[in-house]
Amino acid sequence: MALEMRDRCERCTAAPLPPDGPARICSYECTFCEACGAALGQVCPNCGGELVARPRRTAGTA
């Protein structure tokens, strides 16, 4: 099962998150921009899990 690469931060909804750009993600795939991840103390507000760097995908790969 492939990782869902969400294109917007779930907290501020303004930060675009391209597949090849930096983002923070929890084990449930909740996704946040770097700034919101830092503001949240690297803890997911939805599940309480750790926010870690999301793997990057190069353009053109699914």
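One can find the structure itself at the top, above this paragraph.
Below you will find a few notes about this structure. (Residues numbered from 1 in each chain as written. Predicted model: local features only at pLDDT ≥ 70, side-chain atom pairs only at ≥ 80, totals over all residues. Heavy atoms only, no water.)

## As for the sheet that holds strand S1 (residues 24-25)
Condition: Strands pair, by our definition, only if DSSP identifies at least two bridges between them. Every helix listed is a DSSP run of H or I at least four residues long, and every strand listed is a run of E at least two residues long, numbered separately from the N terminus.
Across the sheet, which stays open at both edges, the three strands sit in the order S2-S1-S3 with antiparallel pairing between neighbours. Every other strand in the sheet has two partners, leaving strand S2 (31-32) and strand S3 (52-53) as the edge strands with one partner each. Here S1 pairs with S3 via two bridges, running antiparallel. The residue bridging Ile25 from the neighbouring strand is Val52, located in S3.

## Regarding the pattern of salt bridges
Using the following cut-off: Whenever a carboxyl oxygen of Asp or Glu lies within 4 Å of a side-chain nitrogen of Lys or Arg, that contact is scored as a salt bridge. Only protein chains enter the area calculation, which uses a 1.4 Å probe; residues under 20% of their type maximum are buried, those over 50% are exposed, and those in between are partly exposed.
Tallying each qualifying case throughout the model produces two salt bridges. A salt bridge links Arg6 to Glu4, with the nearest nitrogen and oxygen atoms 3.2 Å apart. By relative accessible area, which is 23% here, Arg6 ends up partly exposed. A salt bridge links Glu10 to Arg6; the nearest nitrogen and oxygen atoms lie 2.6 Å apart. What emerges from the salt-bridge pattern is a single network uniting Glu4, Arg6 and Glu10.

## Description of unusual backbone geometry
One non-glycine residue, Thr13, adopts positive backbone phi at about 55°. Locating Thr13 in the fold gives a position in the segment before S1. Residue classification places Thr13 among the exposed residues on the basis of a relative accessible area of 52%. Phi angles above zero are rare outside glycine, and Gln42 is one such case at about 60°.

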